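A look at the structure
Residues per chain, in single letters:
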Amino acid sequence: MKIAVCVKRVPDMDVRFRIAADSTSVDEAGLKFDINDFDAWAVEAALQLRDKNAGSEVTAISLGPDVVQETIRKALSMGVDKGVQLKADKVPFDGLAVAKALAEELKTGGYDLILFGKMSPDSSNGVVGAMVAELLGMPAVTAISSLEIADGKGKAKRELEGAQEFVEFPLPAVLTVDEGLNTARLPSLKGIMAAKKKPLEVKQAQIPQSQLTVRKLELPPERKAGRVVGEGASAVPELVKLLQTEAKVL
Amino acid sequence: MPDRAGKVLPVIHQAALPLDRLILSDPPDPEAVPMDVLFVGGGPAGLAGAIALARLIKADNEAGGDLGDVQIGVLEKSGALGEHSLSGAVVNPIAMRALFPELTDKDFPFRAPVAAERVYYMTDTRSVRIPTPPTMQNHGYQIASICEIVRWLGEKAEGLGVNIFTGFPAAALLTEGQRVTGVRTAPSGLSRNGDPGSGYAPPTDITAQITVLSEGTRGTLSQAYLEWQKIKSGNPQIFALGVKEIWETLKPLDAVVHTLGWPVPKDCFGGSFMYPLTRNLVALGLVVGLDYKRTSDDVHEMLQRMKLRTPFRDLLEAGEMTEWGAKTIPEGGYYALPERRHGDGVMIVGDAAGFVEVASLKGIHYAMQSGMFAARAAFNALKKKDTSAASLKEYDAMVDGSFIVKDLRKRRNMRLTFQDRNFYVAGLKAGLMTVTGGALFGGKIESHRDAEVPRDVSPPQPFVPDGKLTFSKLDAVFKSGNATRDDIPSHLIVGADITPQVADLYTHMCPAGVYERDGDRLVVSPANCVDCKATDVIGPRWTPREGGSGPKYRQM
Amino acid sequence: MANVFALVETRAGEVRKVGLEAVTAARMLADKFGGEVHALLLGPPGIAGKAAQLGQHGADVVAVVEHAALNNYNPEVAAATAAERIKSGGYRAAVFSTTAQGRDLAPRVAARLGASIVTDVLSFEVEGDVVVVRHPMNIGKVIATIAMSGTPAVIAMRPNVIAPAQNAKAGRVENVQPAVDPASTKVKVVETKQGSGGKLDLAEAPVVVAGGRGLKAAENFKLVEDLASAFGNAAVGATRAVTDDGWRPHSDQIGQTGRLVSPELYIAVGISGAVQHLAGMRTSKTIVAVNKDKDAPIFKVADYGIVGDVFEVIPALTEAVREAKKHH
């Protein structure tokens, strides 16, 4: 089986962000970057399938400037076989532009499966995987939380709001991965060493013009400081009164 | 043997160093990852050593030497370089300049040169400016964040082909006879009872011709090596605990500030520091010797109280604390240096060896320089194909002949005079020692292990944090970036006979709130641990745990 | 002609609340453009009976695709049909919902149209030729203002930010054939299994009651469920710690990698307030926290807090809410 996984380098979200001077990007000083968690679960799914299907191969692809090679190397350290960097100065916000650049590379790969994380926490759109599938004319199942592949066909489960959807699909297909599908393996020391010797190809990305412009980024308004109404069950009447009269939610 | 009435003697409640787990004589796993030189700990000492070694090898190869491809590794327990690094810091740039002679001071990851300095003496009620004591003069030095220094060194190291492995704590030394042959890393993904859970990754063996222990303060494997080899020192190593915060302030700070006196009790050694990283980003902290005299002495709480007073309050008012952390500092100085810091296949560098000059609060340049000496000795050993103790002995000679030991020797009794219970007498002696360059009061002062100092059982002063200037330990740990999973198995070895008074000692000893007294029992929350090592010094033993656990310092 | 298309999400033959929100949003946009709202409704035979409420909420035209094979969502039928109608209808904008289905469908449609798309939209404005939307990034810690200059402007609204509004228009029903034969599609939804009976969904409920580790055991979630029932219009959520331990299903997890919710009222029971969790609920209009630890970080974001034992406070609160609801 030939499997491709698209991975994105994203900043650690556990920080207070600052808007850069140009007000259309986030200040990257002091930010730590790593592979998007959803993409790591996609890599894990790909590796598990490869390990079950002898003769299979997994390729990790990432769009962006040279720093994304760190992210590809992380995937290689987890066990991915080869990497491809689609070199671009910036990763566009527009999911369609990203999808077109990725589809250009993926279409000649002869992949049986193309995996994505369902979304990335920075741009938070969650559209690239499904758009790539449409551009390639391939069937797609998004946000899967369980997966079985056998005999050129697949079964997956999707979480809906208060329900679950059970889906069947043929290969080749595009899948986007949700939390709960698996736990991503940590790179082992051996894996880190081996990754240094695996092939990482650099190609120029074809980024089309976009119809989206980020006009500005801002921090959300600070929540007004709240207060502790009281202690124990005796505070309940006061709370209920405030919810009725002040917050007007009851 | 129980404590005397009204006292707690920490050492009788401490578990012994588990040598049988830390020094292994099994042959390494056939799947072991082979390195040539392995630095255990990715701080300034380990990284400077790795960089220096990589450069020596590169120059040698380019000149036609036959070393070829030498694998240099740096093992770091935190998830990313710098996450467990914490210091003041005001740095003497001498080692940085020696390591990068082709760069100038403005290329280095320092924040600002020291412009002005102020020292205050504080009492319960007043803060009085005093002339800067000679030991604390920092003219010509640079204010810096050790996290930023470490990250910068890390990039340089990776650029030179050094293999940096983050998230991999070394949990044991691999040995063959008397020789150190490598390390075994800690497993990850254990459930609370110690069984492999989901995401389990087993320990990995790494073999190396030379292992350099650059573990930092109270390094576990360094302690194990010294004990295993029965290496002595004139005095036992002693430690101080530093608790530090970073604040964004509305008012600017234009000077390096140190204070002596309150809130450090008169019978304790310590003082505070406050440095401007930028005009409105301030690093401040309090350092107190771990030989303090009461079970209720609590360095985190002392720091919180201190912030409510001049010269701190005014500056911090309406500001915001962005980070908090804690770390111990080896204070024994010259007489506490191990008599041998090398062996077959091994060298000990940096804080792990005790290269810290406490009167001036300096250790980073000593750490880097010692790493560079170890690199030179390792390079020579590889060329000679002899990595035995006899060959690596030149590392000790280089350190002994350098400014590292010269400086430590000059100030050899500074700290120890403060083991006197009288601050003023000690201060007088220390002053005379400095002024006479060690000629007066220069004879070795015997010192006691911190754990052998008895503490009076005393009730704590009630402390209620206001959540604006002062914070609880729980809030503080949150600001250290610690997100260790709640169900991690405990890495702390609690000793015997933990009475309620011992539980009180531990509660106040630990800045991160790992220990609490619940009724008469000791409750341990190991996930809160920020790896400061105070516990290892006077409380339950610290052992390496899953990689990536603990704090995530960013600008400490 | 600047008309606006709205995709109305259905499940098991019923129009979902987000569907009404989509029509309301489309109506607001169409009024700015001076055009009409044309809604698309897909479902099993009988779904046409639900068209009237869409007209009530502002749809001028309701295109209905009724087919026996459309009991479950069919991504290819929905994407092909919506794309074909949007293209042939020359719509200025197309409104979808940011739900599991919407996140699957909207980008497919946009790609087929060669159009850019913004999901999880908080609000929109029209400035001349440009549709300007606000969209949360970095787990809600940054808000982006984005100008969409293409036609159609494809957006997917965040649930619960537009309140469905009555605004009766013609709602003329047009029966439409699916653009592709449902039997021929490659991806087949073989079953949609409802979760434990009739629970209100987290994204739709005006009130969310969430439980964390402070409840100590899975069985104690009954406290949270009882409080939710007392409100009558509340959904039950959970923290990651609790879903990781298997006390509640993954789909209940509110947080950075789980569900993002912004109800009118969010009640955090026994939740310490890890950053990961706050990311999922910090845009709730009113936050109430109950925790025995007065230093718990949740109290920093809560509008109202009670420090106390959840096992004492929550039953008292449940009783008080029941009383309060009785008199309305």
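Structure: see above.
The next point concerns the packing of aromatic side chains. How two aromatic rings sit relative to each other is given by the distance of their centres and the angle of their planes. All names here are of chain B. The tally for this structure, following the rule as stated, stands at 13 aromatic pairs over all chains. Linked through ring pairs, F100, F108, F110 and W152 together constitute an aromatic cluster. Over the face of the ring belonging to Y292 we find R455, whose NZ or CZ atom lies 4.9 Å from the ring centre.

A cis amide bond links G88(B) to the next residue, A89(B), at an omega of -5°. In this structure, A89(B) sits in the loop between β5 (72–76) and β6 (90–91). For the bond from T151(C) to P152(C), the omega torsion is -5°, close enough to zero to count as cis. Of note in the backbone geometry, S124(A) takes a positive phi value of approximately 55° without being a glycine. With respect to the secondary-structure elements, S124(A) resides in the loop between β6 (113–117) and α4 (128–136). Within the chain, K230(B) stands out as a residue other than glycine whose phi angle is a positive 50°. Residue placement: K230(B) occurs in the loop between α5 (220–228) and β18 (239–248). On the basis of relative accessibility, which here comes to 66%, the residue K230(B) falls in the exposed class.

So, on to the sheet that holds strand β13 (residues 188–194) of chain C. With mixed pairing, the 10 strands of this open sheet are ordered in space as β11(A)-β5(A)-β4(A)-β1(A)-β6(A)-β10(A)-β7(A)-β8(A)-β9(A)-β13(C). Only two strands of the sheet have a single partner each, and these edge strands are β11 (200–204) of chain A together with β13 of chain C. Neighbour-to-neighbour, the strand axes of this sheet turn through a mean angle of 30°, independent of strand direction. Two elements, strand β7 (residues 140–150) of chain A and strand β10 (residues 173–177) of chain A, share three bridges in a ladder whose sense is parallel. Following the sheet pairing, I144(A) is matched in β10(A) by V177(A). The strands that helix α2 (residues 68–78) of chain A touches are β4 (57–64), β5 (82–87) and β11 of chain A; relative to β5(A), the one it contacts most, it runs at about 165°. Most of the contacts of helix α4 (residues 100–113) of chain C go to strand β8 (residues 153–160) of chain A, to which it runs at about 120°, and overall it touches β7 and β8 of chain A.

Residues and elements named next belong to chain B. Packing of helix α8 (residues 364–384) against helix α9 (residues 389–400) brings their axes to within 8 Å, and their N-to-C directions diverge by 155°. Taken together, the axes of α8 and α9 lie roughly antiparallel to each other. The element α8 and its partner α9 pack so that their crossing is right-handed. Residue-level contacts link S370, F373, A374, R376, A377, N380, A381 and K384 of α8 to S391, L392, E394, Y395, M398 and V399 of α9. For the contact of α8 with α9, the class distribution of residues is eight nonpolar, three polar and three charged.

Right, let's talk about the pattern of salt bridges for a bit. Between side chains of opposite charge, pairing is possible as soon as their charged atoms come close. Inspection of every chain in the model, using the stated rule, returns 72 salt bridges over all chains. Where D66(A) meets K87(A), a salt bridge forms, and the shortest distance between an N and an O atom there is 2.9 Å. Of the two residues, D66(A) is situated in the loop between β4 and α2 and K87(A) in strand β5; the sequence distance between them amounts to 21 residues. In this structure D66(A) comes out as partly exposed when scored by relative accessible area, which is 39%. Take K87(A): its relative accessible area is 30%, and that puts it in the partly exposed class. For D297(B), the salt bridge identified is with R294(B), shortest N-O distance 3.1 Å. Residue D297(B) is classed as buried on the basis of its relative accessible area, which comes to 6%. Through salt bridges with shared partners, one network takes in E134(A), R158(A), E165(A), D104(C), R108(C) and R112(C).

Calculation rules
- Residues numbered from 1 in each chain as written.
- Chains lettered and ligands numbered in written order.
- Predicted model: local features only at pLDDT ≥ 70, side-chain atom pairs only at ≥ 80, totals over all residues.
- Heavy atoms only, no water.
- Phe/Tyr/Trp six-rings, centres within 6.5 Å; stacked < 30°, edge-to-face > 60°.
- Lys NZ or Arg CZ within 6 Å of the ring centre and 35° of its normal.
- Helix = DSSP H or I, 4+ residues; strand = E, 2+ residues; numbered from the N terminus.
- Buried < 20%, exposed > 50% of the residue type's maximum accessible area, 1.4 Å probe, protein only.
- Pairing = 2+ DSSP bridges.
- Axes fitted to C-alpha atoms, helices over the stretch in contact; angles between N-to-C directions.
- Contact = heavy atoms within 4.5 Å.
- Parallel < 35°, antiparallel > 145°, perpendicular 65-115°, else oblique.
- Left-handed = near helix turned anticlockwise from the far one by under 90°.
- Nonpolar A, V, L, I, M, F, W, Y, C, P; charged D, E, K, R; others polar.
- Salt bridge = Lys/Arg side-chain N within 4 Å of Asp/Glu carboxyl O.

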